[in-house]
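Topology and contacts: notes
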Amino acid sequence: MKKLFLHIALFFSLVCFSQNEQLAQYYFDKGDFEKAKISFEELLKATPSNSQYFQKMIDCYQQLQQFDVAEKAIQARLDKYKQGILLVELGYNFQLQKNEASAKKYYDESIDRIKKNPTEVYSISNSFERKVLLEYALKSYQTAIIIDPKLNFNYQMAQLYGQLGNSEMMITTFLDEAFANPQNSIQIQNQLARFMVEEGDENFNEILRKSLITRAQKNQDVFWNQYLSWFYVQQKEFGKAFIQEKAVYKRNPESLSSIINLGQLAIEEDDSEAAKEILGFVLENTKDLKLLIQATSYLIEMKIDKAQQKDFAAINTELSNLLTEYGISPFTLSLQLIQAHFVTFNLKKPEEGKSIIMKALELQLSEYEAAQAKMELADILLFEEKFNQALLYYSQIEENLKNDVMAHEASLKAAKTSYFQGDFVWASKQFKELKSASTQLIANDALEYFLLISDNTVADSTQTALKQFSKGDYLLYQNRNLEAISQFQSILKSFKGQDIEAVTLLRLGQLYEKQGEYNLALSQYQNIIAQHSEGIYIDEALYFSAEMYNNKLQQPEKAKPLYEKIIFNHQDSIYFVDARKEYRLLRGDKNL
């Protein structure tokens, strides 16, 4: 019984202690430093060795400008615990009083402590960094390495060089670390990529490029070719990246997977010329059936994407010939799915498409491959307006591949199915959940539809215009583009000046652009810019117009002011980074 009471007493004391800590932090966060000070003093009395409570107490003294009290407390703790970090605290206490000489004295003493005991660098450098004393933090690491060369602080030092604006030393130090410890390469590349896209030193990309080229020339290690390939991919210069990947392959001809991946990236960024060259190289240099099918699938998809109706018969023949050549097996599933999609959405033969899928499902497929086939089957059923059957297959994929990217894609398609049916309440709920999907493309797509439904439900509780719009989107899904254009034009006439107008103009602009009718597309975007400048589609209208002037109509001078508007007025746009890059190119900047 005594033990039970003891445990109960200990439990309540811990609860009370935790509540006191939360209260102290609450006062501190609120800026009530007098109350926070008293609370942290009491907590420190109960646990004198707790460094966090001590630090918070000192912070309170300094916020209240009780520097003498803080100095005495720090000195007393230094005498007791002999920690070098407390010398930094003393120095900082003097710095807050603008006593630079005394501050420097204690900072230098803390550096001397590292000379005697290099392991103290961890706490001392961390303290300097927290106080944004970056030069001293850097000096801490440098001192420790001189005393004990086995220590490695390249990553931390590179970050500090970056914060101090020393791009050359940051790049040099990061690259030294990457080569010495390749397992850290991805982490380092993420840091470098952040500097490549952010505002700051406009010479950064050029310094990085030259540094990588110099190392590749001096060292001849494929590591630097791979790094250069990564660099050019960030710049979306896939042709240059391919040169580096070929150099890697010549010295290590065991795998073409990185070259295949590069081809896929080029496709995603619409660099069809580079993609054809890259995938053509794969076809010429492998007999591996899996790679052959992968490269062939990418190439035929590119052909379909750019095809006109007059090309359809030839493409269908090519698909049949490829499947005859490679055979019907799990290895050729991607080609089978491409054929099923093509005969359904391009040749308008959904029964033939379903037949291809049903035969594929009879093969010995993995769970993931079966899900791919079922996804295509659901897409075809949706094409046929068999909404409930399509939803059933999408639900199966969601259930069987929980938390997988394909499951999220199935969820998005299920939401779109509800949207096409006019069930906007359920669709909106699904889109809302998918806004936080880990895959950015899915999240962006979900957000677009969520805003579309939300905005047009507020503006029109009967959702009359939205129903007409979703019908147009469904025609687009079925690849009935001319009918979709007619539907969207009808919406513009019936709902002129209403909220649905801006997004309808956007859809029409994208449709006209896809058909190569650039002037018609531009007129839709210009209407958004002129009449809906405060709406959520303005950045898309500006960017799509700029891209058309720049890449399709070869009128860069007209593109330049449009990119500029995105840079200065729409920094939160998903097109901001690309707009800034294109603008700098047009402006003639050599260093991007």
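Quick caveat: nothing in here was measured; it's all calculated off a predicted structure.

Right, let's talk about the overall build of the protein chain for a bit. When you go through the protein chain residue by residue, the secondary structure sums to 32 helices and 0 strands. For a compact globule of 592 residues, the expected C-alpha radius of gyration is about 25 Å, and the protein chain comes in at 31 Å, more than 25% above that figure. The buried share among the 592 residues of the protein chain stands at 46%. Restricting to contacts in the protein chain with at least 6 residues of sequence separation, those with at least 24 account for 51%. A total accessible area of about 31000 Å² is found for the protein chain, and carbon and sulfur atoms account for 51% of it. Averaging the coordinates of the 65 positive side-chain charges in the protein chain and doing the same for the 79 negative ones gives two points 4 Å apart.

Turning to the packing of aromatic side chains, a few remarks are in order. Summed over all chains, the structure comprises 38 aromatic pairs. Aromatic ring contacts, followed pair by pair, group Phe 345, Phe 383, Phe 387, Tyr 419, Phe 420, Phe 424, Phe 431, Tyr 449, Tyr 474 and Tyr 477 into a single cluster. Here the basic side chain of Lys 105 rests over the ring of Tyr 106, its NZ or CZ set 4.1 Å away from the ring centre. For the cation-ring pair, Lys 131 lies above Tyr 92, with the distance from its terminal atom to the ring centre recorded as 4.6 Å.

Here the focus is the environment of Phe 342. Of note, Phe 342 is situated in helix α19 (residues 333–345). Separated by 23 residues in sequence, Phe 342 and Leu 319 place their C-alpha atoms 9.4 Å apart.

Looking now at the side chain of Glu 120. Within the secondary structure, Glu 120 sits in the loop between α6 (100–116) and α7 (121–130). Reaching out from Glu 120, the side chain makes a polar contact with the backbone nitrogen of Gly 84 at a distance of 2.9 Å. Apart from residues lying up to four places away in sequence, Glu 120 is in contact with Gln 83, Gly 84, Ile 85, Arg 113 and Ile 114.

Moving on to the nonpolar core. By size, the foremost hydrophobic cluster in this structure holds 85 residues, and its most contacted members are Phe 40, Phe 128, Leu 192, Leu 208 and Tyr 227. Here this core takes 8 residues from helix α13 (residues 222–234), the largest share from any one element. Residues in contact with Phe 40, not counting those within four places in the same chain, are Ala 24, Gln 25, Phe 28, Tyr 53, Lys 56, Met 57 and Cys 60. In this structure, Ala 390, Ala 437, Leu 452 and Ala 521 belong to the second largest nonpolar core, which totals 84 residues.

Relative to the assigned elements, Asn 346 resides in the loop between α19 and α20 (350–361). A residue is classified by how much of its surface remains accessible, and Asn 346, at 13% relative accessible area, is buried. Ignoring anything within four residues of it in the chain, the contact list for Asn 346 reads Ile 304, Phe 312, His 341 and Asn 479.

Mapped onto the elements, Leu 451 comes out in helix α25 (residues 440–459). Sequence spacing of Leu 451 and Ser 428 is 23 residues, and the spatial spacing of their C-alpha atoms is 8.7 Å.

This part takes up helix α10 (residues 167–180). Here α10 is 14 residues long and its end C-alpha atoms lie 20 Å apart, about the 20 Å a rise of 1.5 Å per residue gives. Among all positions of α10, only Ser 167, Met 170, Ile 171, Thr 173, Phe 174, Leu 175, Glu 177 and Ala 178 are buried. Those residues of α10 hidden inside the fold are in contact with α9 (154–163), α11 (185–197), α12 (204–219) and α13.

All right, on to the packing of helix α3 (residues 51–63) against helix α4 (residues 67–81) then. Packing of α3 against α4 leaves a shortest axis separation of 8 Å and a crossing angle of 155°. For the element pair α3 / α4, the angle class is roughly antiparallel. As α3 runs across α4, the sense of the crossing is left-handed. On α4, the residues that touch Ser 51, Phe 54, Met 57, Ile 58, Tyr 61 and Gln 62 of α3 are Phe 67, Val 69, Ala 70, Ala 73, Ile 74 and Arg 77. Its residues assigned to classes, the contact of α3 with α4 shows 9 nonpolar, 2 polar and 1 charged.

Taken over all residues, the pLDDT of the protein chain has a mean of 92, while the share at 70 or more is 95%. At the level of individual helices and strands, the protein chain shows its lowest average pLDDT in helix α1 (residues 2–30), which scores 64, and its highest in α19, which scores 98. In this model residues 4–17 is a low-confidence stretch, pLDDT under 50, and it forms 4 contacts with partners more than four residues away in sequence or in other chains.

Even without glycine at this site, Gln 65 takes up a positive phi of about 60°. Considering the arrangement of structural elements, one finds Gln 65 in the loop between α3 and α4. Even without being a glycine, Gln 554 presents a positive backbone phi close to 55°. Examined against the element boundaries, Gln 554 turns out to sit in the loop between α30 (538–552) and α31 (556–569).

Let us now look at the pattern of salt bridges. Any two side chains of opposite charge can pair, given that their charged atoms come close. Summed over the entire model, instances satisfying the criterion amount to 28 salt bridges. Between Arg 209 and Glu 206 there is a salt bridge; the shortest N-O distance is 2.7 Å. With Arg 209 and Glu 206 both in helix α12, this residue pair falls 3 residues apart, about one helical turn. Taking the relative accessible area as the measure of exposure, Arg 209 reaches 26% and is therefore partly exposed. Linking Glu 483 and Arg 480 is a salt bridge whose minimum nitrogen-to-oxygen distance equals 2.7 Å. For Arg 480, a relative accessible area of 27% translates into the label partly exposed. When salt bridges with common partners are traced through the structure, they connect Glu 351, Lys 354, Glu 384 and Lys 386 into a single cluster.

An α-helix turns once every 3.6 residues. As a result, residues three or four positions apart point the same way. If you check helix α32 (residues 576–587), its first and last C-alpha atoms are 16 Å apart, about what 12 residues at 1.5 Å a residue would give, namely 16 Å. Those residues of α32 lying buried are Phe 576, Ala 579, Arg 580, Tyr 583 and Arg 584. On an axial view of α32, the arc spanned by its buried residues comes to 130°, and they lie on one face.

The next point concerns the packing of helix α21 (residues 367–383) against helix α23 (residues 405–421). As a packed pair, α21 and α23 sit with axes 11 Å apart at the nearest point and diverge in direction by 10°. Our classification of the angle between α21 and α23 gives roughly parallel. The residues of α23 that touch α21, namely those facing Tyr 368, Ala 371, Gln 372, Met 375, Asp 379 and Leu 382, are Met 406, Glu 409, Ala 410, Lys 413, Thr 417 and Phe 420. Counted by class, the contact of α21 with α23 contains 7 nonpolar, 2 polar and 3 charged residues.

Each value, and the rule that gives it
- Residues numbered from 1 in each chain as written.
- Predicted model: local features only at pLDDT ≥ 70, side-chain atom pairs only at ≥ 80, totals over all residues.
- Heavy atoms only, no water.
- Helix = DSSP H or I, 4+ residues; strand = E, 2+ residues; numbered from the N terminus.
- Rg over C-alpha atoms; globule rule 2.2 N^0.38 Å.
- Buried < 20%, exposed > 50% of the residue type's maximum accessible area, 1.4 Å probe, protein only.
- Contact = heavy atoms within 4.5 Å.
- Areas by Shrake-Rupley, 256 points an atom, 1.4 Å probe, with all protein chains shown as cover.
- Lys, Arg positive; Asp, Glu negative; His and termini not counted.
- Charge placed at Lys NZ, Arg CZ, Asp CG, Glu CD.
- Phe/Tyr/Trp six-rings, centres within 6.5 Å; stacked < 30°, edge-to-face > 60°.
- Lys NZ or Arg CZ within 6 Å of the ring centre and 35° of its normal.
- Polar contact = N/O pair within 3.5 Å; in protein donor to acceptor, adjacent residues only side chain to side chain.
- Core = buried A, V, L, I, M, F, W, Y, C linked by side-chain atoms within 4.5 Å.
- Expected span 1.5 Å × (residues − 1).
- Axes fitted to C-alpha atoms, helices over the stretch in contact; angles between N-to-C directions.
- Parallel < 35°, antiparallel > 145°, perpendicular 65-115°, else oblique.
- Left-handed = near helix turned anticlockwise from the far one by under 90°.
- Nonpolar A, V, L, I, M, F, W, Y, C, P; charged D, E, K, R; others polar.
- pLDDT = per-residue confidence, 0-100.
- Salt bridge = Lys/Arg side-chain N within 4 Å of Asp/Glu carboxyl O.
- Arc of directions from axis to C-beta.

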